[in-house]
Amino acid sequence: MLVTFPFGLFVSATVFDLADVAGGPAFLGEVGYWTAVAALVAAGLAAVAGMIDLWDVRPGPHRRTMITFNMVNAGMAALFLLACLIRADAPQRGATGVLLVTELVALTVGAVGVGLGARLMRQFDSGLPEPTGFDAFDALPAGSTVEIARPAP
């Protein structure tokens, strides 16, 4: 779940930068820059969580997919970090065409990460049907401190 937040921020930063390069108001480049910075912070937190998740996965295909997923996401973040470092000393931190292309390449790399994340979800959730409705409450452990009563028909 932590991966969706930085990815969404990276997409937002790219949209702001696209608007800046297309001739929008100058502040859009600044907003795009700070959105990318916020995404990098969130990506760092997601990377830490991803490394912690690796401890519980046995060696095998799931672990390889998980490592690839983390590396692809790190690659996307590295490209955005490069773009942010280039813009850091600029007076208005506006985007340029080259930086926008770098961000679009990073989002393409991130799209591969999204595919890998979906694959991981299918691998880890295979064979585990999601309880729906009131059946979800039947899966609660015995001795639960919450009592759930079914409504009368």
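Residues numbered from 1 in each chain as written. Predicted model: local features only at pLDDT ≥ 70, side-chain atom pairs only at ≥ 80, totals over all residues. Heavy atoms only, no water.

(A) Structural context of the overall build of the chain. A tally of helices and strands in the chain yields 5 helices and 0 strands. Ordered by position from the N terminus, the helices and strands of the chain form the series α-α-α-α-α. Across the 153 residues in the chain, those meeting the buried criterion constitute 30%. Nonlocal contacts in the chain, meaning residues at least 24 apart in sequence, comprise 70% of its contacts between residues at least 6 apart. Accessible surface for the chain amounts to roughly 9800 Å². Of this, 70% is attributable to carbon and sulfur atoms. (Helix = DSSP H or I, 4+ residues; strand = E, 2+ residues; numbered from the N terminus. Buried < 20%, exposed > 50% of the residue type's maximum accessible area, 1.4 Å probe, protein only. Contact = heavy atoms within 4.5 Å. Areas by Shrake-Rupley, 256 points an atom, 1.4 Å probe, with all protein chains shown as cover.)

(B) Just the packing of helix α1 (residues 4-21) against helix α2 (residues 27-54), in detail. Packing of α1 against α2 leaves a shortest axis separation of 8 Å and a crossing angle of 165 degrees. One finds that α1 runs roughly antiparallel with respect to α2. The crossing of α1 and α2 is left-handed. Residues belonging to the contact of α1 with α2 are distributed by class as follows: 17 nonpolar, 4 polar and 2 charged. (Axes fitted to C-alpha atoms, helices over the stretch in contact; angles between N-to-C directions. Parallel < 35°, antiparallel > 145°, perpendicular 65-115°, else oblique. Left-handed = near helix turned anticlockwise from the far one by under 90°. Nonpolar A, V, L, I, M, F, W, Y, C, P; charged D, E, K, R; others polar.)

(C) How the structure looks around the nonpolar core. Judged by nonpolar contacts, the single largest core of 14 residues is most densely connected at F10, A36, L40, M76, A77, F80 and C84. Mapped onto this core, the elements with two or more residues apiece are α1, α2, α3 (61-87) and α4 (97-125). For this core, the element with the highest residue contribution is α2, accounting for 5 residues. For L40, the residues in contact, after removing those within four places along its chain, are F10, A77, F80, L81 and C84. The next biggest cluster of nonpolar side chains, apart from the first, holds 7 residues, and it includes M66, F69, V72 and L116. (Core = buried A, V, L, I, M, F, W, Y, C linked by side-chain atoms within 4.5 Å.)

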